[in-house]
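# Fold and geometry: a report
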Amino acid sequence: MSLYPMTSDFVTVIMSGLDALTPYKNKLRIETDDMSTLMVGAPDPLIDAIRDLFAATARMPDHVTMHVTLSRGCPGEPDDPTCRCETLTRAQDQSLEERKALALEAVHSAPELGVQIDIQFSLYVLGQDRHMDEIYGCIAFLKGSGTFLKSKNFCTRLRGDAGAVFETVRQAFLRFGPAEGHVTLDLTASANSPSLV
């Protein structure tokens, strides 16, 4: 994850954003350097941490963007027990329609954070013959999520309160694609853009 504040006071913005990660330090492995922050752990605290970091920086008046790559089930990753997720375990036994319904329910009960953001992201379901069924199922969920703004070439644009938007991302990442398979999600978040369209 990399954060890009559009201000000469970028150090203050980045450091205040990183302060939002404090509650997650015992739940995630967090490594920050001059390029990015790596976070490893279970998906729920991981996505909460990303959400809280971006919401903290988005509450400032300056335009800020963030780039995030999420990955689960990578065959090259060690089998770290901190990365276990009950949602993924249960998803193995649920139909695509059940997963879409549960995802919508989660988005509609997401906390409101009081900060408006935009996200565009792409979901990649890797190593599966019927991957497009999962992607089309995810797109159907996104269109009913209440955060859907529009489809773009190879990605989807979301807009709304940070709580609902990041919950939409969480549900897309956890409920679509095989529970034991390799799934990645690439996203760019933006807040306070002077050129909002």
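Everything quoted here is computed from the prediction, not taken from an experiment. (Residues numbered from 1 in each chain as written. Predicted model: local features only at pLDDT ≥ 70, side-chain atom pairs only at ≥ 80, totals over all residues. Heavy atoms only, no water.)

## Let's talk about the sheet that holds strand β1 (residues 2-5)
Across the sheet, six strands lie side by side as β1-β4-β8-β5-β7-β6; this open sheet has antiparallel pairing. In the strand order of this sheet, the two ends are held by β1 and β6 (148-152), each with one partner. Each adjacent strand pair in this sheet contributes to an overall mean axis angle of 15°, direction not counted. The sheet contact formed by strand β4 (residues 64-72) and strand β8 (residues 182-191) spans nine bridges and is antiparallel. Paired with S71 across the two strands is T184, which belongs to β8. (Pairing = 2+ DSSP bridges. Helix = DSSP H or I, 4+ residues; strand = E, 2+ residues; numbered from the N terminus. Axes fitted to C-alpha atoms, helices over the stretch in contact; angles between N-to-C directions.)

## A closer look at the packing of helix α2 (residues 43-58) against helix α6 (residues 162-175)
It is the contact of α2 with α6, at a shortest axis distance of 10 Å, that shows an interaxial angle of 150°. Here α2 lies roughly antiparallel to α6, going by the angle between them. Taken as a pair, α2 and α6 cross one another with a handedness that is right-handed. Between α2 and α6, the contacting residues are P43, D44, I47, D48, I50, R51, F54 and A55 on the first element and A162, G163, F166, R170, F173 and L174 on the second. Here the residues of the contact of α2 with α6 are counted per class, giving nine nonpolar, one polar and four charged. (Parallel < 35°, antiparallel > 145°, perpendicular 65-115°, else oblique. Left-handed = near helix turned anticlockwise from the far one by under 90°. Contact = heavy atoms within 4.5 Å. Nonpolar A, V, L, I, M, F, W, Y, C, P; charged D, E, K, R; others polar.)

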